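A closer look at the structure
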6 protein chains.
Amino acid sequence: LFIQFVVSIAYASDPDALQDLCVAFPSSSVKMNGFACKEEANVTEADFFFAGLANPGVINNATGSVVTAANTSNPPHTHPRATEILFVLEGELDVGFITTANKLISKTVKEGEVFVFPKALVHFQKNNGDKPAAVISAFDSQLPGTFSIVAVLFNSTPSVPDDVLTHAFQIDTQDVDKIKNSLS
Amino acid sequence: LFIQFVVSIAYASDPDALQDLCVAFPSSSVKMNGFACKEEANVTEADFFFAGLANPGVINNATGSVVTAANTSNPPHTHPRATEILFVLEGELDVGFITTANKLISKTVKEGEVFVFPKALVHFQKNNGDKPAAVISAFDSQLPGTFSIVAVLFNSTPSVPDDVLTHAFQIDTQDVDKIKNSLS
Amino acid sequence: LFIQFVVSIAYASDPDALQDLCVAFPSSSVKMNGFACKEEANVTEADFFFAGLANPGVINNATGSVVTAANTSNPPHTHPRATEILFVLEGELDVGFITTANKLISKTVKEGEVFVFPKALVHFQKNNGDKPAAVISAFDSQLPGTFSIVAVLFNSTPSVPDDVLTHAFQIDTQDVDKIKNSLS
Amino acid sequence: LFIQFVVSIAYASDPDALQDLCVAFPSSSVKMNGFACKEEANVTEADFFFAGLANPGVINNATGSVVTAANTSNPPHTHPRATEILFVLEGELDVGFITTANKLISKTVKEGEVFVFPKALVHFQKNNGDKPAAVISAFDSQLPGTFSIVAVLFNSTPSVPDDVLTHAFQIDTQDVDKIKNSLS
Amino acid sequence: LFIQFVVSIAYASDPDALQDLCVAFPSSSVKMNGFACKEEANVTEADFFFAGLANPGVINNATGSVVTAANTSNPPHTHPRATEILFVLEGELDVGFITTANKLISKTVKEGEVFVFPKALVHFQKNNGDKPAAVISAFDSQLPGTFSIVAVLFNSTPSVPDDVLTHAFQIDTQDVDKIKNSLS
Amino acid sequence: LFIQFVVSIAYASDPDALQDLCVAFPSSSVKMNGFACKEEANVTEADFFFAGLANPGVINNATGSVVTAANTSNPPHTHPRATEILFVLEGELDVGFITTANKLISKTVKEGEVFVFPKALVHFQKNNGDKPAAVISAFDSQLPGTFSIVAVLFNSTPSVPDDVLTHAFQIDTQDVDKIKNSLS
C-alpha cells in the first residue's frame, strides 16, 4: 500500500498575506488570481486543521491524496506552482527529481525522513519495499497544481496530435495507441 | 517528553526561486537578503534530505528543535517571516494562535493531525497528556526567525527598561526581577 | 501627553500595484487578500490625503491612533505585516526593538528625528520626558496589523489557558489573574 | 524657503526581507539587485535613525534633500520604484500627480497634513505661500530613484536628439536650446 | 509609416499566477488590484492568441497600437509598471531611454532586431528612415500603463498650473500656451 | 526549416528590479538567487539589444535557439519559471499547451501572429507546413529554464529507474530502451 496525504495549505496566502487570515473560499462567484477569502466571522479552528492520518477515511479526497498498491509508484509528475515537502510516516520510498540540466537527484527516504522537490521540476516516488508506505506532502502554495507527465501527453482532451508524440518519443503510432489505451 | 523537529526549509527560495536550485550557503562572505547559494556542482541529494525522526540523535540542533519534559509547553512565540505547519507524529498537543483582533483560535491536535499557524502571529503548543509528543514543523521561509514573547521582553541584551515592562504588565519591579531571574 | 497619529497607507498596493490607483474599498462584499478597490470614477484627492496633526479632532480614529498621558509608554507590540517609520513631531521618546537574537536596539528620538522598526519585530515607545510627545507613524502595508504582547496573552477571547501563561512567565495563577484584571 | 528632507528607507528590504535586518551596504564589491547587507555585528541603532529636522546642517545630502527658495517649486518628476508619502512640517504646499489617464489629482497640503504620490506617476510640489515650507518624504523602496521630467529630456548625457524634442513639444530647435541652456 | 502593435499580455498574471490561467475579465463588477479572471469554462485558445500583423485591420485598437507617418516619432513616454521589449519587423528605428542618472542609452534598431526599455524609465522611438517601420512591443505586466511626458504635463484634466510648467521648463506662459494648443 | 530565436531577457529583474538596471553578470564568483549585476559603469546599449533575425549567424547560441528541419516539431517541454510569448515571423506552426485539468488548448499560428504559453505548463510547436517557420520567443524571467519531457525521463544522468518508466507509460523495458537509444 502507498498512501499519500496531500496537505495543500488551503489558505489564500501566496504571494504574501495582506491580513491575518485569508481562508480560501473557492465557491465565491468572483474569480480572481487565487481564491477569495471566507468572511472572517465564519473562520473557525477547523480551517487550520487537517485530520490527516488520524482519520484514514478521508483518503482519496478531492485535493488529490493517492492510494496505490505496494511495489508501485507515483509516476513522474510536476506541480507548476509549488515546492513539495514529503514526510515519510511509514515504510520507505525511492524518490527523485530531475533538474533542467537533466541531472537526476534521488534518494531512498525512510520512516521519519523528509525530502524536498523544487517547484515545477519533474519528480516521482516509488515504493520498492514489500510493505505499505504512508507519506504527508506539504506545498508552499494554495494551488500547487499537478500534472502527470504521461497523462498530459497521452490522456488530454482533445488529444495531443499523434505526430507530436511519435516524433517526441521516437515511437510509432501503434505504440502511442498502446499507451493511450492503457491509461483510459 | 515533548519533541519538536524543526524542518526549516533551508533553501534560498523565497521570494521566488529564479533558478532550479539555490541551496543555502550561509558561510558566504557576501551578505545579502537571505542566503547566498552553494555552487551547483556541490549540490547533492543530501541538500534536499532531512533525517528527522529516523535519527533521534540530531535533537537540539542549531535550527531550533526543542525537547521538553511531559506536561510542559512550548511557550508563546512567533516567527516574523513564516507560516508554520505542524504535524503531530506521536501523542497529542493543545495548540493555539491569537489574531490581531485578540481572538484565540485553538485546538487539540492528535497523532497524524496537522495544524497551521499564520505568519507572525503569536502561538503556543502544550502537551497536556501524560505521554511524550513528537511533532514536525515546516516553514514557508528559508529564515523564519523565532522569538519567545517572554524572552525578548525579559531576557534581551541589553535589557528592556524596567519601566516599559512594569507599565505593560501592570506589575512591579520585583515581579519583573522574578521573571528575569527564572529565565536566566 | 503622548499622541500617535497612525498613517496607515490605505491603498491596496502591496504586493505591487497592477494599476495606477487602487484605493481601498473595505466595504466590498467580496473578500480577497487585501482590500478591493474603489471604482476609479469615485477616487478623489481626499483619498490620498490625511489631515493628521492639522486636525487634532480626529484623534482616536479607527486606524488606531493613541493618546496616552505623559510619562507613560506605548507598551511592547508588533505589526505582523509592516515596517514602521516613526517621526517625532514634538517632545522626545525612548524607543527600541528586539531582534530574534534577543538583541535590544534602542535610542532616544527627539523632535524632528526619525526611527525605523523592522517588520514583525517587538518594539515599544516611552515618553520619559515631562512634556507631551507627538509622533506620526507610517507603514509599508495597507494592513499592518497590531497586537500588544500583553493583550494577546492576557486579554484574548477566549482566554489563553492559564497554564500556558504560568509556564511561560514562571509566575503563579494569582499573578496571571492580577495582570488580566489590570487590563480589563 | 522650501525644505525637503528625503527619508529614503535605507534598508535592503523590498521585496520582502528574508531576515530581521538587512542594512544597506552600498560599497560591497558584489553588485546585486538592490544593496548587499552590512555584517550584522556592525549594525547599530544609528542605522535605524535619521536626524532629520533636528539637525538642519544635513540639508543637501546625497540622498537628495532639496532646498529651494520661497515661491518656487519642486518641478515635475517621478520615482520609478516607489510610492512617496509627504508630511508637511511647516508652511503649505500645492501638490499634485497625474494618472496615466491624464487626470490631475491635486491638493493644498498644510502643516501637519499628509499626501501620497503613487509609484512611478509624475508629481510636483509648489510653495505658493510667502513663508518657508518644510516636508519629510518617505518611500517604500530602498532605491526609489528620481528623475526630473525636464532634466531627463533636456539635460541627459549624451543629449536626447533635438528632433525627438521638437516633435514631442511642437517647439522649434531654438526653444529646445533655450530650455537646455537654462538648465545647465 | 510607423506601425506599433502593442501586445499587452492580457492575463492577470503579475505578481505570480496562483492557478494555471487567469484570463483578464475587465468588465467584472468587483474591482481589485489588477483584473478579475474569466470563468475557466469560458477560456478558449483565442484568449492566448493575438492576430498581430497578420490582420492589419485591427490597428488602432483599445490596447494602444499607434500608426504614425514616416519621419516622425513616438514621443518620450514611460510605462510605470512594465519593462517593454520591442521587436522591429520592418524598417528601422532610432530608440533610446534615459536612466535616473540622466544617462541616455540609445541605438538604431533594424529589421529583425530587439531592444529592451527598463520599467518606468522615459524612452522614445523615432523613424528617421524614408520608409515605414513596423514593430511589436511586449510588456511584462497585464496593465503596463502609458503616459506621454508632454501630455501629462500640458494636456491633463484639470490642467497642471502654469507656474509649475514655466518654472520647470524655464519658459514663459506664452510658450506654455503654444505647446498646449499644439496638443489639443 | 524551423528556426527559433530564444530572446531570454537577460536582466536580473524578477522579482522586481530594485534599481534602474541590473544587467546579468553570470560569471560573478558569488552565487545568489538569480544573477548578480554588471557594474553599472560597464553597461552599454549592447546589453539591451539583440541582433535576432538580422544576424542569422548567431543561430545555435548558448541561450538555446533551435534549428529543426521542416515538417518536424519542438517536442513537448516546459519552462518551470516563465510564461513564453511566441511571435511567428515566417511560415506557420501548430502549437498547444495542456492545463493541469488535462485540457489541450491549441491553435495554428501564422506569420505575424502571437501565442502565449502559461508558466510551467507543457507545450509544443509543430511545423506541419512545407516551408520553413521562424519564430521569436520572449520569456518573463531571466532564467526561464527548459526541460524536454522526453529528455528528463529518458536521458538524465544518472538514469531514471526503468521500473518508474515502465510503470508510468505502461510499456516494457524493451520499449524504454528503444526510446533511450533513439535519444542518445
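What counts and how
- Residues numbered from 1 in each chain as written.
- Chains lettered and ligands numbered in written order.
- Predicted model: local features only at pLDDT ≥ 70, side-chain atom pairs only at ≥ 80, totals over all residues.
- Heavy atoms only, no water.
- Contact = heavy atoms within 4.5 Å.
- Buried area = accessible area lost by both parts, 1.4 Å probe.
- Salt bridge = Lys/Arg side-chain N within 4 Å of Asp/Glu carboxyl O.
- Polar contact = N/O pair within 3.5 Å; in protein donor to acceptor, adjacent residues only side chain to side chain.
- Helix = DSSP H or I, 4+ residues; strand = E, 2+ residues; numbered from the N terminus.
- Nonpolar A, V, L, I, M, F, W, Y, C, P; charged D, E, K, R; others polar.
- UniProt positions renumbered as here; feature names shortened; annotations may be inferred.
- Buried < 20%, exposed > 50% of the residue type's maximum accessible area, 1.4 Å probe, protein only.
- Core = buried A, V, L, I, M, F, W, Y, C linked by side-chain atoms within 4.5 Å.
- pLDDT = per-residue confidence, 0-100.
- Axes fitted to C-alpha atoms, helices over the stretch in contact; angles between N-to-C directions.
- Parallel < 35°, antiparallel > 145°, perpendicular 65-115°, else oblique.

1. Some words on the interface of chain A and chain F
Contacts between the two partners involve 46 residues from chain A and, on the opposite side, 46 residues from chain F. In total, about 3,800 Å² of surface goes out of reach between chain A and chain F, with carbon and sulfur atoms giving 70% of it. The salt bridge involving A:Lys126 is made with F:Asp163; its shortest N-O contact spans 3.4 Å. Between the two partners, chain A and chain F, sit 10 residue pairs in polar contact (both at pLDDT 80 or more). Listed by contribution, the elements that provide at least two residues to the side of chain A that touches chain F are β4 (73–78), β9 (122–126), α1 (149–154), α2 (162–169) and α3 (173–183) of chain A. A per-element tally of the side of chain A that touches chain F places α1(A) first, with 6 residues. In terms of residue class, the side of chain A that touches chain F is built from 25 nonpolar, 15 polar and 6 charged.

2. Points about the UniProt feature "binding site: oxalate" (unreviewed entry) in chain A
Residue and element names in this part refer to chain A. Per the UniProt record, "binding site: oxalate" (unreviewed entry) is found at Asn 74, His 79 and Glu 84. With respect to the helices, strands and loops of the structure, His 79 is situated in the loop between β4 and β5 (84–90). If we skip the residues at most four places from it in the chain, His 79 touches Glu 84, Lys 119, Ala 120, His 123, Phe 139, Pro 144, Gly 145 and Thr 146.

3. With respect to the pattern of salt bridges
Between side chains of opposite charge, a pair can form when the charged atoms approach closely. For the structure shown, the criterion picks out 18 salt bridges over all chains. As a salt-bridge pair, F:Lys178 and A:Asp175 come within 3.1 Å of each other at their nearest N and O atoms. Of the two residues, F:Lys178 sits in helix α3 (residues 173–183) while A:Asp175 sits in helix α3, which places them in two different chains. Under the relative-accessibility criterion, F:Lys178 is labelled partly exposed at 38%.

4. A look at the nonpolar core
A:Phe169, B:Phe169, C:Phe169, D:Phe169, E:Phe169 and F:Phe169 are the most contacted members of the largest nonpolar core, which has 252 residues in total. Residue contacts for E:Phe169: discarding those within four places in its chain leaves D:Val150, D:Phe154, D:Phe169, D:Ile179, D:Ser182, E:Leu153 and E:Phe154.

5. Here we look at the confidence of the model for chain A
Residues and elements named next belong to chain A. Summing up the model confidence of chain A, the mean pLDDT is 76 and the portion of residues at 70 or higher is 77%. In the model of chain A, strand β3 (residues 66–68) stands out as the element of lowest mean pLDDT, 41, in contrast to α1, which has the highest, 94. Between residues 1–13, whose pLDDT stays under 50, and residues either more than four places distant or in other chains, the model counts 77 contacts. Low pLDDT, under 50, characterises residues 54–69; the stretch is placed with 28 contacts to residues that sit more than four places away or in other chains. Scored as a whole, the predicted complex attains pTM 0.82, and scored at its interfaces, ipTM 0.80.

6. A word on the packing of α2(A) against α3(A)
Residues and elements named next belong to chain A. Contact geometry for α2 and α3: axes closest at 9 Å, N-to-C directions at 105 degrees. With respect to their mutual orientation, α2 and α3 come out roughly perpendicular. Together, Asp 162, Leu 165 and Thr 166 of α2 and Thr 173, Val 176, Asp 177 and Lys 180 of α3 make up the contact between the two elements.

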